[in-house]
Amino acid sequence: MKRLTYTIIFSCILFTGLTGFRTDSTPAKGEEIQWLTIEQAYAKIQQEPRKVLIDIYTDWCGWCKVMDRETYKNPEVISYINKKFYAVKLNAEQTEAITIGNQKFEFLKQGQKGVHQIALALTNNQPSYPTTVFLDDKFQMIQPLPGYMKSKEFHEVITYFGENYNKKESFEDYKAKTYKTIYTGK
């Protein structure tokens, strides 16, 4: 009897240990943000208008990598971005020219590195990495937001712009009232 009790207790502890560390925040295989180039997003917007979310990063940016690894892997973030935005990954130090419509943007060499003109334009000449830029469905600037954001705060931001709450109320009011009523439990 004692042996059976120990076996049951050990089994319960083992089961709890194995399932207690399982994380549901990792997206299932194949579920990831459908990243585009900025040229692809511009072309798509001509056919099917949609807002654009641009992740401006550099290869050396540590917080950019954390945001890629954590924020952009969150299932709610992935689902919402893929549904509401054309998502663009833009390396601020890429050297290839970018043409949007009839406007050409070039890489500007500065010392050993440099910055791309389009990254400067999208950050109002104040580059910071990461910066998330929101454009409307006509490819016009809504807002650049510099800095790393955790999944929950990023979800608040993307739903604020994605549902046009930015035209109705302040972000602070949205976070305090509207977001909590729509996205309970997030």
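So, here's what we can say about the structure. (Residues numbered from 1 in each chain as written. Predicted model: local features only at pLDDT ≥ 70, side-chain atom pairs only at ≥ 80, totals over all residues. Heavy atoms only, no water.)

This part covers the sheet that holds strand β9 (residues 141–146). A sheet is described by the order of its strands in space; here five strands give the open sequence β1-β3-β2-β8-β9, paired in mixed fashion. Each edge of the sheet is formed by a strand with only one pairing partner; in this case those strands are β1 (35–36) and β9. Pairing analysis gives seven bridges linking strand β2 (residues 51–57) to strand β3 (residues 85–91), with the strands arranged parallel. The partner of Tyr57 across the bridge, within β3, is Asn91. The strands touched by helix α2 (residues 38–47) are β1, β2 and β3; relative to β3, the strand with the most contacts, the crossing angle is about 155°. Helix α4 (residues 75–84) contacts β2 and β3 of the sheet and is inclined by roughly 105° relative to β3. (Pairing = 2+ DSSP bridges. Helix = DSSP H or I, 4+ residues; strand = E, 2+ residues; numbered from the N terminus. Contact = heavy atoms within 4.5 Å. Axes fitted to C-alpha atoms, helices over the stretch in contact; angles between N-to-C directions.)

Within the sequence span of α4, burial applies to Val77, Ile78, Tyr80 and Ile81. Two to three positions downstream of the cap, the backbone nitrogen of Glu76 sits 2.9 Å from a side-chain oxygen, assigning the N-cap of α4 to Asn74. (Buried < 20%, exposed > 50% of the residue type's maximum accessible area, 1.4 Å probe, protein only. Polar contact = N/O pair within 3.5 Å; in protein donor to acceptor, adjacent residues only side chain to side chain.)

Okay, the packing of helix α6 (residues 151–162) against helix α7 (residues 171–182) next. As a packed pair, α6 and α7 sit with axes 11 Å apart at the nearest point and diverge in direction by 100°. Looking at the two axes, α6 sits roughly perpendicular to α7. Between α6 and α7, the residues in contact are Lys152, His155, Glu156, Val157, Thr159 and Tyr160 and Phe171, Tyr174, Lys175 and Tyr179, respectively. (Parallel < 35°, antiparallel > 145°, perpendicular 65-115°, else oblique.)

Looking now at the layout of surface pockets. Approximately 210 Å³ is the volume attributed to the largest pocket. Taken together, Ile38, Tyr42, Ile100, Gln103, Phe105, Ile118, Ala121, Leu122, Leu135, Phe139, Gln140 and Met141 form the lining of the largest pocket. Put simply, the parts of the chain that give the lining of the largest pocket at least two residues each are α2, β5 (103–105) and α5 (117–122). Considering every element that reaches the lining of the largest pocket, the biggest residue donor is α5, with three residues. (1 Å grid on protein atoms, 1.4 Å probe; cavity = no way out; pocket = protein on both sides within 12 Å on 5 of 7 lines; lining within 4 Å. Points joined across faces, edges and corners; volume = space filled by probe spheres on them.)

A word on the pattern of salt bridges. Tallied over the entire structure, the rule returns eight salt bridges. Across the salt bridge formed by Lys89 and Asp68, the nearest N and O atoms sit 2.4 Å from each other. Of this pair, Lys89 sits in strand β3 while Asp68 is found in helix α3 (residues 62–69), placing the two residues 21 residues apart along the sequence. Residues participating in the shared-partner salt-bridge network are Asp55, Asp68 and Lys89. (Salt bridge = Lys/Arg side-chain N within 4 Å of Asp/Glu carboxyl O.)

What follows is about the state of the cysteines. Across all of its chains, the model carries one disulfide by this definition. Note on cysteine connectivity: Cys61 is disulfide-linked to Cys64, with sulfurs 2.3 Å apart. Taking the sign of the S-S torsion, about 85° here, the bridge from Cys61 to Cys64 comes out right-handed. Take Cys61 and Cys64: they sit in the same class, and that class is buried. (Disulfide = S-S within 2.5 Å.)

A few words on the environment of Pro49. Tracing the sequence through the fold places Pro49 in the loop between α2 and β2. The exposed category is assigned to Pro49, whose relative accessible area is 52%. The sequence separation of Pro49 and Asp136 amounts to 87 residues, and the corresponding C-alpha distance is 8.7 Å.

Another aspect to go through is the packing of α4 against α6. α6 packs onto α4 with a crossing angle of 20° between their chain directions and a minimal axis gap of 10 Å. The orientation of α4 relative to α6 falls into the category roughly parallel. Handedness of the crossing formed by α4 with α6: left-handed. Between α4 and α6, the contacting residues are Glu76, Val77, Tyr80, Ile81 and Lys84 on the first element and Ser151, Phe154, His155, Ile158, Thr159 and Gly162 on the second. Per-class residue counts for the contact of α4 with α6 are five nonpolar, four polar and two charged. (Left-handed = near helix turned anticlockwise from the far one by under 90°. Nonpolar A, V, L, I, M, F, W, Y, C, P; charged D, E, K, R; others polar.)

What follows is about the pairing of strand β6 (residues 107–110). Remember that side chains alternate between the two faces of the sheet whenever the strand is regular. Pairing of β6 with strand β7 (residues 113–116), which is carried by four bridges, proceeds in the antiparallel orientation. Bridging from a neighbouring strand, Leu108 pairs with Val115 of β7. Two successive antiparallel strands, β6 and β7, enclose a turn made up of two residues, where Gly111 displays a positive phi of approximately 65°.

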